[in-house]
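# Results of the structural survey
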Amino acid sequence: RHERNQRNFPQSFDDPENRETSALSNAQSAVWALRWGVAQFIAVTDANERKQIVDNQEKIRKQFDEAMRIYQGGTHSEEERAVLKDLNGAFEKYVGARLKWFELYGSGKMDEAVKLRAEVLTPAGGATVKSLTSLIELQNKFAEANESNAVTTMGQERSLLALVSGLALLAAAA
């Protein structure tokens, strides 16, 4: 049996699993904002624009951290905890490499920047996205299982209601 609570639908928007799904979406948005910043850093040449891209990392990082704090506040399976561990490791590697890459690229050390991007930044970014995608897929899988359980429970409840109604009619007729 899965560690999550098996609840009947409909769930409220304030439901923990809905908050966790929303948190994963917010974390994914933050990751893509960071990745977009790398492309923008290459595209712009204005020093102030580049500085703003670098400075935005702290704000975006806080968004990611808050989203993951919300997500981690829930009850998770062993599989989710393993993916979460991979996600945290990949993300830490990514943000560290990202700052180093900005430094190298911004100071004109293109060969080093290209090497860092190919060997660390891009793989760590890809691993981060892969882990987030895996967590979202697990959320979807658990939501489908909960929905299936709710449908089964409703069917059983209807059968019980029909049986009780039939017995009540028989009792009334006797």
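Residues numbered from 1 in each chain as written. Predicted model: local features only at pLDDT ≥ 70, side-chain atom pairs only at ≥ 80, totals over all residues. Heavy atoms only, no water.

Bringing the nonpolar core into the picture now. Core analysis: the largest hydrophobic core is formed by 35 residues, its most contacted members being F64, M68, Y71, L87, Y94, W101 and L135. Sorting the residues of this core by element identifies α1 (16–43), α2 (47–72), α3 (78–106) and α4 (110–173) as the ones contributing at least two each. It is α3 that contributes the most residues to this core, 11 residues altogether. Beyond its immediate chain neighbours, meaning those up to four positions away, L87 contacts F64, M68, T128, S131, L132 and L135. (Core = buried A, V, L, I, M, F, W, Y, C linked by side-chain atoms within 4.5 Å. Buried < 20%, exposed > 50% of the residue type's maximum accessible area, 1.4 Å probe, protein only. Helix = DSSP H or I, 4+ residues; strand = E, 2+ residues; numbered from the N terminus. Contact = heavy atoms within 4.5 Å.)

Between its terminal C-alpha atoms α2 stretches 38 Å, which fits the 38 Å expected from 26 residues at 1.5 Å a residue. The sharpest bend along α2 reaches about 30° and sits at Q57. Listed in full, the buried residues belonging to α2 are R50, I53, Q57, I60, F64, A67, M68 and Y71. Capping the start of α2 is the job of one residue whose side-chain oxygen sits 3.1 Å from the backbone nitrogen of N48: D46. (Expected span 1.5 Å × (residues − 1). Bend = angle between axes of the 7 residues up to and from the residue. Polar contact = N/O pair within 3.5 Å; in protein donor to acceptor, adjacent residues only side chain to side chain.)

Let us now look at the pattern of salt bridges. By the definition in use, this model includes 8 salt bridges. Across the salt bridge formed by K51 and D55, the nearest N and O atoms sit 2.6 Å from each other. One end of the pair, K51, and the other, D55, are both in helix α2, 4 residues apart, so they sit about a helical turn from each other. For D55, a relative accessible area of 42% gives the class partly exposed. Between E58 and K62 there is a salt bridge, with the nearest N and O atoms lying 3.6 Å from each other. In this pair, E58 and K62 both sit in helix α2, 4 residues apart, roughly one turn of the helix. Across this residue pair, the class does not change: E58 and K62 are exposed. Each of R61, D65 and E92 takes part in salt bridges that share partners, so that together they form one network. (Salt bridge = Lys/Arg side-chain N within 4 Å of Asp/Glu carboxyl O.)

Under the definition given, this model contains 6 aromatic pairs. Note on F41 and W101: the rings are 5.8 Å apart at their centroids and 65° apart in plane angle, and the pair reads as edge-to-face. Of this pair, F41 sits in helix α1 while W101 is found in helix α3, placing the two residues 60 residues apart along the sequence. Grouping residues by exposure puts F41 and W101 together as buried. Seen from their ring centres, F64 and F91 are 3.7 Å apart, and the 15° between their planes marks the pair as stacked. Separated by 27 residues along the polypeptide, F64 in helix α2 and F91 in helix α3 bring together distant segments of the chain. On the basis of relative accessible area, F64 is assigned to the buried category, the value being 2%. Overall, the relative accessible area of 1% leaves F91 in the buried class. The rings of F41, W101, F102 and Y105 are connected pair by pair, giving a single aromatic cluster. Looking at R50, its charged tip hangs above the ring of F41, at a distance of 4.6 Å from the centre. (Phe/Tyr/Trp six-rings, centres within 6.5 Å; stacked < 30°, edge-to-face > 60°. Lys NZ or Arg CZ within 6 Å of the ring centre and 35° of its normal.)

By secondary structure assignment, the location of R50 is in helix α2. Engagement of the side chain of R50 in a polar contact is seen with the backbone oxygen of V44, the distance being 3.0 Å. Every residue in contact with R50, bar those within four places of it in the chain, is listed here: F41, I42, V44, T45, Y105 and G106.

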